[in-house]
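Overview (structure and organization)
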Amino acid sequence: MKRLVLLGGGHAHLHVLQALAREPLAGAQAVLITPHGHLSYSGMVPGVVAGHYAPEQARIPLAPLCAAAHVTLVQGQAVALDAAQRLVTLSDGRVAEYDVLSLDVGGAQDRDALPGAREHALFVRPIETLVSVLDRLREQASRRALDVVVAGAGAAGFELALALAWGLAHLTRPGDGSSRVALVTGGTQPLAGYPTAVVAQGLKALARHKVTLFREACTAVEPGALVLASGARLACDVPVIATGVGPPAWLGASGLALDERGFVSTGPTLQSTSHPEVLAAGDVASRWDAPHPRSGVHAVRAGPPLALNLRRFIGAGQLQAYTPQRRTLNLLSCGERRAIMAWGDWVAEGRWAWWWKDRIDRAFIRRFAPPDPVA
Ligand SMILES: Cc1cc2nc3c(=O)[nH]c(=O)nc-3n(C[C@H](O)[C@H](O)[C@H](O)COP(=O)(O)OP(=O)(O)OC[C@H]3O[C@@H](n4cnc5c(N)ncnc54)[C@H](O)[C@@H]3O)c2cc1C
């Protein structure tokens, strides 16, 4: 029996679990190791923060998927990987040995990049923690006005700032004053890297929700304040760090070939370029032959080829090359039930775009939802 370890209950592994449920894997025992019993679907997280969805509506429970796939679910967090010995070590000291390893652990944020952030700030990753803390924040904001500053104005920071602005403004609260939200961009425009028309729509949405923009870098976090490069201190109850994702730190000593930033270097078949028995997909992986942005869309799309290639690697057959899509549809929620839709340089904004996004997101959740219990 070969031992297959699926590390991380991420977006690509959802599909692997479903594929294993449809067609069990002969000659292998599989385990899924992941810290939480569910995956928080990031596409709906801004909607949760804005109050459009309950947190449970954006969660995909992993236990039913594992049960259907005959995969053992192990709740745990990897802290080390020894690719030469084929061992994964978990934070509680347990060790998992594998013959084949599939990595879908997502990215991580460096908690020490910004002085004081580890102690005083809220990080957008892991998303599970973000969702539960922001849910508590809504309770606090229903009692008193809050100052929130989001540092990092990529898609996640942009959507979160608007979701917070809308969500906190629409809580019924006795007393004076309203919560205030600021967005610190790091010196650029928000949504840097997106087409100009998307940035223009984004700026309109930020203005509509009275999100204050600071186009400079954040240099430190202090209790109750965020310090900017100019020396200004932004008073805030909750600093949210939404700066870009990096690789999990423990990959550094794994012995796997990594790209220049430390992500797992993979090729067309999603295999590690140094260890063919290791496959990786989603934010943790970096395709040397077909670089693409890190996004949930790409992680989801990599699921089917990952499932196929794991099956072929364990069984028989030639592994299939996978070409990621060059363009993807971008849907950015704007706090209230409006969204920006972008396909290349084509951009539109409105309520219908949010409706469209809502349909896609709900359909995704339904696809992985446990079947209704038989009455
Ligand atoms: C607020 C926010 C909104 C976003 N909105 C969008 C969007 O609308 N569209 C879009 O395309 N992208 C969006 N993204 C980006 C998207 O979340 C990621 O690109 C996507 O989640 C990557 O999927 P993944 O499968 O690689 O990893 P994840 O979805 O991060 O899954 C990783 C899994 O691995 C587990 N894990 C982590 N570390 C370990 C460990 N050490 N051991 C074991 N298990 C571990 C985690 O608990 C998790 O279950 C958003 C991101 C944020 C923060």
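Values in this document were obtained by computation on a predicted structure and should not be read as measured data.

About the cut-offs
- Residues numbered from 1 in each chain as written.
- Predicted model: local features only at pLDDT ≥ 70, side-chain atom pairs only at ≥ 80, totals over all residues.
- Heavy atoms only, no water.
- Near = heavy atom within 4 Å.
- Polar contact = N/O pair within 3.5 Å; in protein donor to acceptor, adjacent residues only side chain to side chain.
- Helix = DSSP H or I, 4+ residues; strand = E, 2+ residues; numbered from the N terminus.
- Nonpolar A, V, L, I, M, F, W, Y, C, P; charged D, E, K, R; others polar.
- Domains from an automatic or database assignment.
- Expected span 1.5 Å × (residues − 1).
- Buried < 20%, exposed > 50% of the residue type's maximum accessible area, 1.4 Å probe, protein only.
- 1 Å grid on protein atoms, 1.4 Å probe; cavity = no way out; pocket = protein on both sides within 12 Å on 5 of 7 lines; lining within 4 Å.
- Points joined across faces, edges and corners; volume = space filled by probe spheres on them.
- Buried area = accessible area lost by both parts, 1.4 Å probe.
- Salt bridge = Lys/Arg side-chain N within 4 Å of Asp/Glu carboxyl O.

**Considerations on the site of the ligand**
Of all residues adjacent to the ligand, which total 32 residues, the nearest are His 11, Ser 42, Asp 104, Asp 283 and Gly 296. One of the backbone nitrogen or oxygen atoms of Gly 9 is found 3.2 Å away from an oxygen atom of the ligand. Of all the elements in the fold, those that place two or more residues in the shell around the ligand are strand E2 (28-34), helix H6 (155-169) and helix H8 (296-301). Partitioning the shell around the ligand into residue classes produces 12 nonpolar, 14 polar and 6 charged. Residues lining the shell around the ligand come from more than one domain, with at least three contributed by each of domain 1 (2-108 + 245-314) and domain 2 (117-244).

**Here's the deal with H6**
Taking 1.5 Å per residue as the helical rise, H6 with its 15 residues ought to reach 21 Å, and the 21 Å between its terminal C-alpha atoms agrees with that figure. In terms of burial, H6 is a largely internal element, 11 of the 15 residues being buried.

**Concerning the layout of surface pockets**
Here the second largest pocket defines a volume of roughly 370 Å³. Lining the second largest pocket are 22 residues; nearest its centre among them are Ser 179, Arg 180, Val 181, Lys 210 and Thr 212. At the level of secondary structure, the elements contributing two or more residues to the lining of the second largest pocket comprise strand E11 (147-151), H6, strand E12 (180-184), strand E13 (212-214) and strand E16 (233-235). It is H6 that provides the largest number of residues to the lining of the second largest pocket, a total of 5 residues. In the lining of the second largest pocket, the residues fall into 13 nonpolar, 5 polar and 4 charged.

**Remarks on empty space enclosed by the protein**
The final tally for this structure, using the stated rule, is 5 cavities of 30 Å³ or more. Lining the largest cavity are Thr 266, Leu 270, Ala 280, Ala 281, Gly 282, Ala 285, Arg 287, His 292, His 298, Ala 302, Tyr 322 and Pro 324. Grouping the amino acids of the lining of the largest cavity by side-chain chemistry returns 7 nonpolar, 4 polar and 1 charged.

**Considering the domain arrangement of the protein chain**
Accessible area lost during the coming together of the parts is what is often quoted as the interface size. Partitioning the protein chain into structural domains gives domain 1 (2-108 + 245-314) and domain 2 (117-244). The C-alpha-based centres of domain 1 and domain 2 are spaced at 29 Å. Contact between domain 1 and domain 2 buries roughly 1,400 Å² in total, counting both sides, with carbon and sulfur atoms accounting for 68%. Of all residues in domain 1, the largest losses of buried area upon contact with domain 2 belong to Pro 46, Val 49 and Val 245, amounting jointly to 37% of the total for that side. If you look at where domain 1 meets domain 2, you find 1 salt bridge. Between Arg 125 and Asp 283 there is a salt bridge whose closest N-O contact spans 3.8 Å. In this structure, the connection of domain 1 to domain 2 is made through 1 residue pair in polar contact (both at pLDDT 80 or more). Contributions of two or more residues to the side of domain 1 that touches domain 2 are made by strand E3 (38-40) and helix H2 (45-50). When residues of the side of domain 1 that touches domain 2 are assigned to their parent elements, the largest contribution, 5 residues, is made by H2.

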